[in-house]
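# Structural description and commentary
Spelled out, the chains give:
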Amino acid sequence: MFFSGSIAVNYRLLVRIPATFIVVLKMLFVVCVVAQAQPPQGVAPEIEAAQLRIKLYEGQEYPLQRRLLDSKIKVANARVDSLERQLAEYEQFTKFKHSGPLFGQLEFVKVAQVEAKEELKNLTEEKNLLQRFHADKVRLMQLELEMLKRSLR
């Protein structure tokens, strides 16, 4: 009986320590974010704007563009797969000797499949270009920031 009570007390202590640690870490994180958000004293607005432009691009625009492209690519993949299954289903009925009962629908699916594959190819290429030139765009923004700093000295 005594043994099980001490385990319960130790367990509660073990649960409290991580919970307290998490709360302290969250508070430190908020302090760091607030400290970063405040502009340094004596910085020109042009420099601050360039710094914020870099921060917003790296933290918001670029990840959002990647997520949107990833989503569009998934949808395009699903559409291509669906059209391929649909085409396979329709082609079962085109084996007749004199007529295909679903010729119009079969052609529609074939055209839609080509369109979906092209869209998928374009989205994939757009994502690749976004990733390939990400570092160059960030570097360009950093260079613009450096030029502003030099011109304002």
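Residues numbered from 1 in each chain as written. Predicted model: local features only at pLDDT ≥ 70, side-chain atom pairs only at ≥ 80, totals over all residues. Heavy atoms only, no water.

Here the focus is the pattern of salt bridges. In the structure shown here, the tally under the stated rule is five salt bridges. Of the charged contacts in the structure, one is a salt bridge between Glu-107 and Lys-110, with a shortest N-O distance of 3.9 Å. Residue Glu-107 and its partner Lys-110 are both found in helix H3 (residues 103-132); the two are separated by three residues, about one turn of the helix. Overall, Lys-110 belongs to the partly exposed group, its relative accessible area being 33%. (Salt bridge = Lys/Arg side-chain N within 4 Å of Asp/Glu carboxyl O. Helix = DSSP H or I, 4+ residues; strand = E, 2+ residues; numbered from the N terminus. Buried < 20%, exposed > 50% of the residue type's maximum accessible area, 1.4 Å probe, protein only.)

With 23 residues, the main nonpolar core has Tyr-57, Leu-83, Val-109, Leu-120, Leu-123 and Leu-145 as its most contacted residues. Mapped by element, the contributors of at least two residues to this core are helix H2 (45-91), H3 and helix H4 (134-151). Considering every element that reaches this core, the biggest residue donor is H2, with 12 residues. With residues near it in sequence (within four places) discarded, Leu-145 still touches Ile-47, Ala-50, Gln-51 and Ile-54. (Core = buried A, V, L, I, M, F, W, Y, C linked by side-chain atoms within 4.5 Å. Contact = heavy atoms within 4.5 Å.)

Per-chain confidence: the protein averages 78 in pLDDT, with 67% of residues scoring 70 or above. Summarising per-element confidence for the protein, the mean pLDDT is lowest in helix H1 (residues 2-37) (57) and highest in H3 (90). (pLDDT = per-residue confidence, 0-100.)

The next thing to look at is H2. Here H2 spans 65 Å end to end across 47 residues, near enough to the 69 Å set by a 1.5 Å rise per residue. The largest bend along H2 reaches roughly 45° and is located at Tyr-57. Taken together, the buried positions of H2 are occupied by Ile-47, Ala-50, Ile-54, Tyr-57, Tyr-62, Leu-69, Ile-73, Ala-76, Val-80, Leu-83, Leu-87 and Tyr-90. Residues of H2 that are buried make contact with H3 and H4. (Expected span 1.5 Å × (residues − 1). Bend = angle between axes of the 7 residues up to and from the residue.)

Tracing the chain through its elements places Lys-127 in helix H3. Of the polar contacts made by the side chain of Lys-127, one reaches the side chain of Asp-70; its length is 2.6 Å. When residues no more than four places from it in sequence are discounted, the contact partners of Lys-127 are Arg-66, Leu-69, Asp-70 and Ile-73. (Polar contact = N/O pair within 3.5 Å; in protein donor to acceptor, adjacent residues only side chain to side chain.)

What follows deals with the side chain of Gln-113. Along the chain, the position of Gln-113 falls in helix H3. Assessed through its relative accessible area of 10%, Gln-113 is described here as buried. When neighbours within four sequence positions are excluded, Gln-113 is seen to be in contact with Leu-83, Glu-84 and Leu-87.

Contact geometry for H2 and H3: axes closest at 8 Å, N-to-C directions at 155°. The angle between H2 and H3 falls in the class roughly antiparallel. By crossing handedness, the relation of H2 to H3 is classed as left-handed. Of the residues contributing to the contact of H2 with H3, the split by class is 15 nonpolar, seven polar and 12 charged. (Axes fitted to C-alpha atoms, helices over the stretch in contact; angles between N-to-C directions. Parallel < 35°, antiparallel > 145°, perpendicular 65-115°, else oblique. Left-handed = near helix turned anticlockwise from the far one by under 90°. Nonpolar A, V, L, I, M, F, W, Y, C, P; charged D, E, K, R; others polar.)

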